[in-house]
Amino acid sequence: METGTIFKFHNDLDTDQIIASQYLLLPNLDEMKGHAFESLDPDFSKKVKPGDFVVGGENFGCGSSREQAPGVLKALGVQAVVAKSFARIFYRNSINIGLPVIVCKDLPDEVNTGDKMVLHMSEGTVEANGKTYSCTKLPEYMQNILNQGGLIASLNKGMTIAEKIIAAAAGVDSVKPGDIHTVKLDRLMSNDGTTHLTVDMYNNKLKNPHIADTSKLVFIVDHNVPSDSPKTAASQKKMRDFARENNIDFWEGKGVCHQVMIENYVRPGELIFGADSHTCSYGALGAFGTGVGCTDFLYGMVTGTSWVLVPESVKFNLVGKLPEGVYARDLILTIIGEVGANGCNYQVMEFTGEGAKTLSISDRMALCNMAVEAGAKTGIFEADEKAIEYLKEHGREPKEIFHSDPDAKYVREYTFDLSKVRPVVAKPDFVDRVVPAEETCGTPINEAFLGSCNNGRIEDLRVGAEIIRGKKVAEGVRFLVVPASQTIYRQALKEGIIDTFMEAGAIVMNPNCS
């Protein structure tokens with residue numbers, strides 16, 4: 001909280017002294033506020049500044065129940081009222097309109113008008129004159145009312161894209177962070193990393209095994225293609241047989257699961273569970289995708305539903321445009337380097353702003369894909385013209401396009417100027433150990449990798465091919481190139497990109513999650 005100036009008043013200060021009765025019928029609080037404390041300090045409304053404090057003694061706000069009393073204080077920008085005790089109705093009215101009222105027994109006797117004060121509501125302390133005082137922390141319910149701007153404001157609370165998707169899936173008008181809702185799932189994806197375990201649970205742990213809607217399920221073999229052992233082959237066969245027996249969409253050898261999903265299934269407005277941590281990639285198209293475990297997946301498969309604890313949202317306002325030679329991975333690593341590897345734990349990273357519109361769908365996938373590396377529940381973009389065009393090219397229409405409301409609440413906001421982003425490297429062993437790329441120049445390497453679900457799209461392969469064209473992979477270095485999907489692989493073949501890599505000595509692999 002910011003530092004404010006104290007305006008101190010006496011015990012048993014009544015609401016008529018805060019705003020006299022002759023002013024109550026003025027049209028609005030803006031006209032009334034100039035008369036606040038007029039009988040006690042005629043110049044109060046001229047001296048008080050936004051962020052200042054009113055301090056009182058016992059029974060502050062006694063007398064009439066007029067809501068105009070706390071109303072004029074809030075209209076003047078008073079940060080909080082601190083007193084030894086409050087009259088019941090004044091206290092309730094203040095909370096209801098979003099004006100913090102803090103009980104502090106010791107401070108009022110030790111401060112005077114003109115002193116400076118800092119309030120730490122979450123800690124239950126105030127600081128003044130070099131001393132820290134304990135105050136009564138508000139109950140959680142009251143604090144939530146204040147956080148939302150007051151009781152009426154809570155009825156009109158704007159929502160973020162993520163909150164709107166969850167609300168639609170839950171069949172309710174609105175949700176807020178911390179709510180828990182039962183939601184209908186639009187789609188469930190599982191790959192060969194865990195599907196065999198889900199199949200075993202389905203066959204062995206359910207009394208009445210059944211699938212709510214097989215059309216919502218997608219099984220994708222991508223983690224070990226081809227199988228690396230007889231046991232892996234057996235697990236994939238179990239997955240393959242189960243998909244065939246239950247008429248589940250099954251993909252094998254077609255690419256990384258998230259690329260396959262983006263190319264063939266994901267639609268804006270959908271709520272998707274995937275048995276893989278990088279399911280958050282689907283936010284590139286304005287969908288809420290999040291990674292889950294086998295139990296979550298099985299429950300969703302059997303019931304078509306699950307539960308969701310509504311996450312807070314963090315806004316990343318992107319401005320400008322990435323310079324030539326700087327890419328989406330530089331941007332997301334720069335972001336994670338600032339917020340930390342756990343900086344958005346169980347939160348939504350919402351990417352917005354004019355800079356976001358300059359990013360391609362592939363760029364947006366790179367950002368959303370790595371949201372989980374900052375601990376996020378998911379990453380998401382608003383589905384704009386680029387997203388709609390991508391859908392049309394792939395024969396799909398949005399489920400629903402959601403926009404964050406202007407008054408949507410974000411727990412934090414960051415602004416990143418894309419024009420200032422530079423090439424970076426995440427050094428071992430942490431993704432947030434980010435340094436400028438030039439700091440790592442000259443570091444010997446044994447292997448280079450280009451591909452998979454974060455940078456195996458055609459744009460990435462084009463850049464890599466351009467860099468290595470006419471050169472050779474250094475002796476003692478293995479360079480692996482893995483297109484993210486068969487579609488991308490074939491496009492790279494048409495453009496001669498695969499030839500370029502192979503002529504340079506790279507090993508070009510089949511599309512898979514390497």
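Residues numbered from 1 in each chain as written. Predicted model: local features only at pLDDT ≥ 70, side-chain atom pairs only at ≥ 80, totals over all residues. Heavy atoms only, no water.

What follows concerns the side chain of threonine 198. Mapped onto the fold, threonine 198 is located in helix 9 (residues 195-205). Note on threonine 198: relative accessible area 1%, which makes it buried. If we skip the residues at most four places from it in the chain, threonine 198 touches Cys294, Phe297, Leu298 and Met301. (Helix = DSSP H or I, 4+ residues; strand = E, 2+ residues; numbered from the N terminus. Buried < 20%, exposed > 50% of the residue type's maximum accessible area, 1.4 Å probe, protein only. Contact = heavy atoms within 4.5 Å.)

What follows covers the environment of glutamate 127. Structurally, glutamate 127 is set in strand 6 (residues 125-128). Take glutamate 127: its relative accessible area is 35%, and that puts it in the partly exposed class. On a C-alpha basis, the gap between glutamate 127 and asparagine 454 in space is 48 Å, while along the polypeptide they are 327 residues apart. When near neighbours in sequence (up to four residues on either side) are disregarded, glutamate 127 contacts Lys116, Met117, Val118, His120 and Thr132. Here the side chain of glutamate 127 touches histidine 120 through a polar contact of 3.0 Å, side chain to side chain. (Polar contact = N/O pair within 3.5 Å; in protein donor to acceptor, adjacent residues only side chain to side chain.)

Between helix 9 and helix 10 (residues 230-245), the least distance of the axes is 8 Å, while the angle of their chain directions is 60°. On the basis of their axis angle, the class for helix 9 and helix 10 is oblique. Where helix 9 crosses over helix 10, the handedness of that crossing is left-handed. Listed contacts from helix 10 to Thr195, His196, Val199, Asp200, Tyr202 and Asn203 of helix 9 are Ser235, Lys238, Met239 and Phe242. Looking at side-chain class alone, the contact of helix 9 with helix 10 contains four nonpolar, four polar and two charged residues. (Axes fitted to C-alpha atoms, helices over the stretch in contact; angles between N-to-C directions. Parallel < 35°, antiparallel > 145°, perpendicular 65-115°, else oblique. Left-handed = near helix turned anticlockwise from the far one by under 90°. Nonpolar A, V, L, I, M, F, W, Y, C, P; charged D, E, K, R; others polar.)

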